[in-house]
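Take a look at the letters that make up each chain.
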2 protein chains.
Amino acid sequence: MKFTIKFSPMGKRVTEKRPRLLLDIARGAGVGLKSICGGKGKCGKCRVMVNPANEATAIEKKLFTQDEIDEGYRLACRTTIREDTQVYVPPSSITEEQKLQIWGKEIEVKPSPPVRKFFLRLARASLSDTRSDFQRIKQELKRKYNVKVNSVDSKVLNIIGPTLRDCNWSITVVVRGSEIIGVQPGNRTKQSLGIAIDLGTSRIAFYLVDLPTGESINIYGITNPQIAYGEDVLSRINYAGSTRGNLEKLKSGVLQAINMAIEKICKGSKVDRGDIVESTLVGNTAMHHIFLGLPVKQLGMAPFTMAINQHLEIKAREVGLEISPGGYTYFPPPIAGFVGSDHLAMLIASGIERKKGNLIAIDIGTNTEIALKTKERVISCSCASGPAFEGAHIKHGMRAASGAIERVSISSKSLAVNVTTIDDKSPVGICGSGILDGISEMLRVGIIDSSGKINSGYKGVRKIKRGESLEFVLAGKGKREITITQQDVSEIQLAKGAIRSGIEILLEKVGLKTQDVNQVIVGGAFGTYIDPLKAVRIGMFPEIDIGKFNQVGNGAGIGAKAILISQKLREQANQLAKRIEYLELATHSNFLEHFSRAIRFPKM
Amino acid sequence: MKFTIKFSPMGKRVTEKRPRLLLDIARGAGVGLKSICGGKGKCGKCRVMVNPANEATAIEKKLFTQDEIDEGYRLACRTTIREDTQVYVPPSSITEEQKLQIWGKEIEVKPSPPVRKFFLRLARASLSDTRSDFQRIKQELKRKYNVKVNSVDSKVLNIIGPTLRDCNWSITVVVRGSEIIGVQPGNRTKQSLGIAIDLGTSRIAFYLVDLPTGESINIYGITNPQIAYGEDVLSRINYAGSTRGNLEKLKSGVLQAINMAIEKICKGSKVDRGDIVESTLVGNTAMHHIFLGLPVKQLGMAPFTMAINQHLEIKAREVGLEISPGGYTYFPPPIAGFVGSDHLAMLIASGIERKKGNLIAIDIGTNTEIALKTKERVISCSCASGPAFEGAHIKHGMRAASGAIERVSISSKSLAVNVTTIDDKSPVGICGSGILDGISEMLRVGIIDSSGKINSGYKGVRKIKRGESLEFVLAGKGKREITITQQDVSEIQLAKGAIRSGIEILLEKVGLKTQDVNQVIVGGAFGTYIDPLKAVRIGMFPEIDIGKFNQVGNGAGIGAKAILISQKLREQANQLAKRIEYLELATHSNFLEHFSRAIRFPKM
């Protein structure tokens, strides 16, 4: 007897014939589950939620609260699967390689994809029935499925005739709106795929989706190869605008990487890329413009004018995307020069249109986009938070990878430092959530004062080599010491100050106070892994109940997927984009006042 | 004081400052006027109709009837132009080089082109007005011209930003439907051009048109380079279908030739090809399919199924046509495997939809398309008339070029033969109208009997060299003798028989008799130059009053131009195409009976 195990949020499915250990099943399916102890039930890292769940073992009862046991939390290394099972993998249990790129809170979307497939058995052409191939298909679509088409993609028209004659007049027709965008021999109605692409400045996430059901078949991430031309958006814009040909270089580089990734994803999922009949792409406005080959020079200087701020629907082949020859790519609209369609997608994924009350949605990255939704209005702004949270401009900063310090605690009494690293490796640096944790703790125990100054005289505080300013030792010994310097603290102050002043100005604009905020949705790679409590403690976020924070993971990617499968959400996104008022912080009269207040730390 | 001379149907315009001889003006303008005597007022070949006309000279009064004088007929070599003048050049006065390709009875069409240009002076982007470039243009189009757009061509979007900033925010926007298909710096609203292409099996005609006024700016013709792969449609189809790559070869060859011709036309007219913002293309179904890269193998065998039989509207760049980057090419629908969109265009140019009574429209070529319109129905068919009328398969046959015999008369009494050649050169062969004339005269004087047999014993009739069958000497001496052979007569019998049986079957199908026909419209290169009287005499056409024949010249080209400038005519053409019933002659039960009767000549 066969049974199926479904992993969310990856959307992976596996079929097994005999009872098998969940950890092994996960490994076989390529689901990157953490496991430090190697499946001995000791480290507790392979924590997942299963449904239905077995009776908890003694070890699980020790590791989990009763609530968690009741919810179905178990260790994958202690769980044998014998029947159809749903497995939810929380972000904390995903290995870092996958973690950065994949995870996002899935939302329920009723699929209404713009593309559908139909199978037809046609009457053979004869001297008494000389209808054209297109007319024959058109009339049968109307008769059998009541579907009306009136045009056909010019490249698809080329293959209709031979396909019909090669497959004995049995054919699958791919219809989008009133256009035939593909034909395939025989009955291929079951293979109808879409791909959603979240084109970030540093990484690109892909969601391969079964269009009729809306289920993810594969999720995959790669590094954006444009990183070779500059880490942040502005350096890419400058590069693209400096010499003729540079824009094309950036564009073709990313396009090639995307096409290779699609090829790889399809191979991995054993599907044909020709069955991908629809695609969506979201990204910040610079990524969006570069991908489309639009001039970006104007995005790099005031007033940061976009070329276009409405959705685009373009043949994938026109933009160079290698999916089904007649397929389209749908680009949701960017909002402003520094608020992209990725932010719009995150808002859609968060369902802010359906939620009541006052909501803040924040997508933290090199640029942090913030939207405030009240009963009447939606206002957005962009803050130049810089790359400090991604580990750049920080002495021992690094991306969230193996060996990066991600959690820090300092004992108030002994000032002993305790760090946790990704994959429990020896510490090699600090990633964004680690530096946030570290500074928050240093502040709590008094090593830093509210102006940001590191106080000498504390254990672990010392002068940096060949310099006057101070630093605090977090971990390591000798050459492998990891410290947080005065300069690092200043960088974080600028970054968190930018975010905080954005929030404050938005609230001020609509006359709301902190306590009026009902929910804060936090997305983005960094936003997913921070501890909201610590972020509030350093004043990055205002003092809002921790229970009101909702970390959604890669909301942009989930939104891109939602927009891929639902025409209703496309329309909703377009309407929302029109409604959103963009606030240019630089032109706001109180900006500097807010900013200079926001870079300070709250008094402990 | 300047004055303008306008030549129709060429559509050429010239401006002069001083009084000048019309023949010289025409030569300077590249209008190929015949002139055998070199402008001495003797040959009468440079006959044109001018308006306003000077007092007729003595020589003109001798050459023209009083009616002609009143209509404004004059000799170009005797006419000095001193003011704005319209000059109509009848086909008989055009030199052969231009004649074949250009002439067509122009029709009056109220222009309603699908593309319009608008000039905008835009507000500069600023921090207090950060609208996207597209939105800025969209809103100003609405405000100033009440024109609503909602999309923009993806390639055009690339140049909007730099264009706006380079030209001080003054811009010309090209709009098609609700799409922006182009932008140009400054005010270029006066340059709005279209090009209509009549893609024939042997030649390609181009009509460069000023879209707002609908006036022709340049008309031009080239040979179809596919001729290297076979003279007739069927050999092209066979070639295209035989090996992979052949279709592409045919397609790219003709595309390259068309693009080069467009370049040449634009240079000649001193216009920028980027100002050509719309194009149309008509042709027989095989030419249409090959140009689009559609499979044609299926067109070469029963049931001759088309890939598509509705109009197509495709970005010109998608089909490889080098006009304005965002421009479209409009392809009116083909009717059947052997009745193409060129025939439809000819029907539109003939205005058959507006005409009352029973009409026959014939487009004579290697394939002859015939349509019969009655009060209720329009039926069309295609006859394989073969290339005899184009001079092929005829012993001394040639295309209509210098030195070709185009008129023949034989004295009933002396049997003396009198021939007229193109350009009055020494005869070097016979073109289609010449062979028709010759056979008709041979029949009239009894050299041929009604079975088609050449009777021996007549002056000029002799045995062909090294053979038994007979031939009749038309002109020339020794090696330069031009004859009509028994074999030639048979070829013409097959050709005219095919046409006649097509006409008879159509009439039979709707229950009409010859005398019920109110008008016969004859088009096509050959159809333009034949003498209908002679065509009736050999039985190619039924016995219909000569006054009912209307020779329209290249109706397909004129129709393509009409469809280019008028959206109303596009719709009319589409409606007509749907109405036309196609009759497959091969499946008609009486076909052979009709054909065997039709190949005979009428009794004299």
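Residues numbered from 1 in each chain as written. Chains lettered and ligands numbered in written order. Predicted model: local features only at pLDDT ≥ 70, side-chain atom pairs only at ≥ 80, totals over all residues. Heavy atoms only, no water.

1. With respect to the overall build of chain A
In terms of regular secondary structure, chain A is built from 18 helices and 29 strands. Taken along its principal axes, the extent of the C-alpha atoms in chain A is 100 × 60 × 45 Å. Every one of the 604 residues in chain A was classed for burial, and the buried ones make up 60%. Here the analysis covers contacts within chain A between residues at least 6 apart in sequence; of these, 66% occur between residues at least 24 apart. (Helix = DSSP H or I, 4+ residues; strand = E, 2+ residues; numbered from the N terminus. Buried < 20%, exposed > 50% of the residue type's maximum accessible area, 1.4 Å probe, protein only. Contact = heavy atoms within 4.5 Å.)

2. Re the interface of chain A and chain B
Each partner contributes to the interface: chain A provides 40 residues, whereas chain B provides 40 residues. Buried surface at the junction of chain A and chain B, summed over both partners, amounts to about 3,200 Å²; 56% is from carbon and sulfur atoms. Linking chain A with chain B are 2 salt bridges, by the criterion used here. Ionic pairing is found between Glu-318 of chain B and Arg-317 of chain A, a salt bridge with its closest N-O pair at 2.9 Å. Counting the contacts that link chain A with chain B gives 22 residue pairs in polar contact (both at pLDDT 80 or more). Put simply, the parts of the chain that give the side of chain A that touches chain B at least two residues each are helix H5 (133-145), strand S9 (151-152), helix H6 (154-166), strand S16 (312-315) and helix H10 (316-319) of chain A. By residue number, the principal contributor to the side of chain A that touches chain B is H6 of chain A, which donates 7 residues. A per-class count over the side of chain A that touches chain B returns 17 nonpolar, 15 polar and 8 charged. (Buried area = accessible area lost by both parts, 1.4 Å probe. Salt bridge = Lys/Arg side-chain N within 4 Å of Asp/Glu carboxyl O. Polar contact = N/O pair within 3.5 Å; in protein donor to acceptor, adjacent residues only side chain to side chain. Nonpolar A, V, L, I, M, F, W, Y, C, P; charged D, E, K, R; others polar.)

3. A word on the side chain of Gln-298 of chain A
Along the chain, the position of Gln-298 of chain A falls in the loop between helix H9 (285-291) and S16. Note on Gln-298 of chain A: relative accessible area 5%, which makes it buried. A polar side-chain atom of Gln-298 of chain A sits 2.6 Å from a polar atom in the side chain of Asp-133 of chain B. Aside from chain neighbours lying at most four places away, what touches Gln-298 of chain A is Phe-304, Thr-305, Met-306 and Ala-307 of chain A together with Asp-133, Gly-161, Pro-162 and Arg-165 of chain B.

4. What to know about the sheet that holds strand S5 (residues 73-75) of chain A
All names here are of chain A. Spatial strand order, S2-S1-S7-S4-S5: 5 strands in an open sheet with mixed pairing. In the strand order of this sheet, the two ends are held by strand S2 (12-16) and S5, each with one partner. Each adjacent strand pair in this sheet contributes to an overall mean axis angle of 30°, direction not counted. This element, helix H1 (residues 22-29), spans strand S1 (3-8), S2, strand S4 (47-51) and strand S7 (85-88) of the sheet and lies at about 70° to S1. (Pairing = 2+ DSSP bridges. Axes fitted to C-alpha atoms, helices over the stretch in contact; angles between N-to-C directions.)

5. Focus on helix H16 (residues 555-565) of chain A
An α-helical turn contains 3.6 residues, so any two residues separated by three or four positions project in the same direction. Judged by how many residues are buried, H16 of chain A sits mostly within the fold: 11 of 11 residues are covered. What H16 of chain A keeps buried is the set Gly-555, Ala-556, Gly-557, Ile-558, Gly-559, Ala-560, Lys-561, Ala-562, Ile-563, Leu-564 and Ile-565 of chain A.

6. Concerning the pattern of salt bridges
Applying the stated criterion to the full structure yields 62 salt bridges over all chains. Across the pair Lys-534 of chain A and Asp-437 of chain A runs a salt bridge, and its minimum N-O distance is 3.1 Å. With Lys-534 of chain A in helix H15 (residues 532-537) and Asp-437 of chain A in helix H12 (residues 432-445), this residue pair connects regions lying 97 residues apart in the sequence. Here Lys-534 of chain A matches Asp-437 of chain A in class, with each residue buried. When the shortest N-O distance is used, the salt bridge between Glu-140 of chain B and Arg-143 of chain B registers 2.8 Å. Of the two residues, Glu-140 of chain B and Arg-143 of chain B both sit in helix H5 (residues 133-145), 3 residues apart, roughly one turn of that helix. Residue classification places Glu-140 of chain B among the buried positions, given a relative accessible area of 13%.

7. Side note on the packing of aromatic side chains
Residue and element names in this part refer to chain A. This model, assessed by the stated rule, comprises 16 aromatic pairs over all chains. Ring centres of Phe-304 and Phe-338 lie 5.6 Å apart, and the angle between their planes is 80°; on these two criteria the pair is classed as edge-to-face. You can see Phe-304 sitting in the loop between H9 and S16 and its partner Phe-338 sitting in the loop between strand S17 (328-331) and helix H11 (341-349), a full 34 residues away along the chain. We classify Phe-338 as buried; its relative accessible area is 15%. If you follow Arg-47 out to its NZ or CZ, it ends over the ring of Tyr-73, 4.5 Å from the centre. Above the plane of the ring of Tyr-330 lies Arg-570, whose end atom (NZ or CZ) is 4.3 Å from the centre. (Phe/Tyr/Trp six-rings, centres within 6.5 Å; stacked < 30°, edge-to-face > 60°. Lys NZ or Arg CZ within 6 Å of the ring centre and 35° of its normal.)

8. A short note on the environment of Gln-515 of chain A
All names here are of chain A. Relative to the helices and strands, Gln-515 resides in the loop between helix H13 (486-510) and strand S27 (517-523). On the basis of relative accessible area, Gln-515 is assigned to the exposed category, the value being 60%. Along the chain, Gln-515 and Glu-543 lie 28 residues apart, while their C-alpha atoms are 8.2 Å from each other.

9. A look at the relation of the copies chain A and chain B
The operation relating chain A to chain B is a screw motion whose rotation component is 180°, with 0.1 Å of axial translation and a residual RMSD of 0.2 Å. The superposition of one copy onto the other is thereby described by a two-fold rotation axis. Minimal C-alpha separation from the rotation axis in chain A is found for Glu-318 of chain A, amounting to 4.7 Å. In this assembly the copies share their binding face: 100% of the residues contributing to the interface of chain A also contribute to that of chain B. (Least-squares fit on C-alpha atoms with pLDDT ≥ 70 in both.)

10. Section: empty space enclosed by the protein
Remark: the empty space left among the atoms is shown by a probe the size of a water molecule rolled over them. For the structure shown, the criterion picks out 4 cavities of 30 Å³ or more. Taken together, Lys-251, Phe-291, Leu-292, Glu-318 and Val-319 of chain A together with Ser-154, Lys-155 and Asn-158 of chain B make up the full set of residues lining the largest cavity. Mapped by element, the contributors of at least two residues to the lining of the largest cavity are H10 of chain A together with helix H6 (154-166) of chain B. Of all the elements, H6 of chain B adds the most residues to the lining of the largest cavity, at 3 residues. Looking at the lining of the largest cavity residue by residue, the class counts come to 3 nonpolar, 2 polar and 3 charged. (1 Å grid on protein atoms, 1.4 Å probe; cavity = no way out; pocket = protein on both sides within 12 Å on 5 of 7 lines; lining within 4 Å. Points joined across faces, edges and corners; volume = space filled by probe spheres on them.)

11. Brief notes about the pairing of strand S19 (residues 368-373) of chain A
All names here are of chain A. With respect to burial, S19 is a largely interior element, 6 of its 6 residues being buried. Bridging between strand S18 (residues 358-363) and S19 involves 5 bridges; their strand directions are antiparallel. Bridge pairing in S19 places Ile-362 opposite Ile-370. Pairing geometry for S19 and strand S20 (residues 378-383), over 6 bridges, is antiparallel. From the neighbouring strand, Ile-370 faces S20, where its bridge partner is Cys-381. Hairpin connection of S19 to S20: 4 residues between the antiparallel strands.

12. What about the environment of Ser-35 of chain B?
Residues and elements named next belong to chain B. Structurally, the position occupied by Ser-35 is in the loop between helix H1 (22-28) and strand S4 (47-51). Classification of Ser-35 as partly exposed rests on a relative accessible area of 21%. Note: C-alpha distance between Ser-35 and Leu-23 (12 residues apart in sequence) is 8.7 Å. If near-sequence neighbours (up to four positions away) are discounted, Ser-35 is found in contact with Leu-23, Arg-27, Cys-43 and Lys-45.

13. With respect to the confidence of the model for chain A
Looking at chain A as a whole, its pLDDT mean stands at 90, while 97% of the residues score no less than 70. Here the predicted complex carries an ipTM of 0.79, next to a pTM of 0.80. (pLDDT = per-residue confidence, 0-100.)

14. Quick look at unusual backbone geometry
Among all residues save glycine, negative phi is the norm, and among peptide bonds the norm is trans. Residue and element names in this part refer to chain A. Residue Pro-303 is reached from Ala-302 by a cis peptide bond, and omega for that bond is 5°. Looking at the secondary structure, you find Pro-303 in the loop between H9 and S16. At Arg-466, a residue that is not glycine, the phi angle is positive and equals roughly 50°. Here Arg-466 lies in the loop between strand S24 (461-463) and strand S25 (470-475). Its relative accessible area of 86% is what places Arg-466 among the exposed residues.

15. Structural notes on the pairing of S27 of chain A
All names here are of chain A. The element S27 is extensively covered by neighbouring structure, given that 6 of its 7 residues are classed as buried. As paired elements, S27 and strand S28 (residues 549-553) share 4 bridges and run parallel to each other. Residue pairing for S28: Val-522 is matched across the bridge by Gln-551.

16. Some remarks on the environment of Leu-436 of chain B
Within the fold, Leu-436 of chain B resides in helix H12 (residues 432-445). When the C-alpha positions of Leu-436 of chain B and Ile-530 of chain B are compared, they lie 7.5 Å apart, and in sequence the two are 94 residues distant.

17. A few points about the sheet that holds strand S21 (residues 404-410) of chain B
All names here are of chain B. The 3 strands lie next to each other as S22-S21-S23, forming an open sheet whose pairing is mixed. Here the strands that pair on one side only, and so sit at the sheet edges, are strand S22 (417-421) and strand S23 (429-430). Of the pairings in the sheet, the one linking S21 to S23 comprises 2 bridges and is parallel in character. Paired with Ile-405 across the two strands is Ile-430, which belongs to S23. Relative to S21, H12 is tilted by about 15°, and along the sheet it contacts S21 and S23.

18. Quick notes on H13 of chain A
All names here are of chain A. Between its first and last C-alpha, H13 extends 36 Å over 25 residues, near the 36 Å set by a 1.5 Å rise per residue. Counted residue by residue, H13 has 18 buried out of 25 residues, so it is predominantly covered. The N-cap of H13, judged by a side-chain oxygen 3.3 Å from the amide nitrogen of Gln-487 a few residues on, is Thr-485. Remark: Gly-511 follows H13 within two positions and exhibits a positive phi of approximately 70°. (Expected span 1.5 Å × (residues − 1).)

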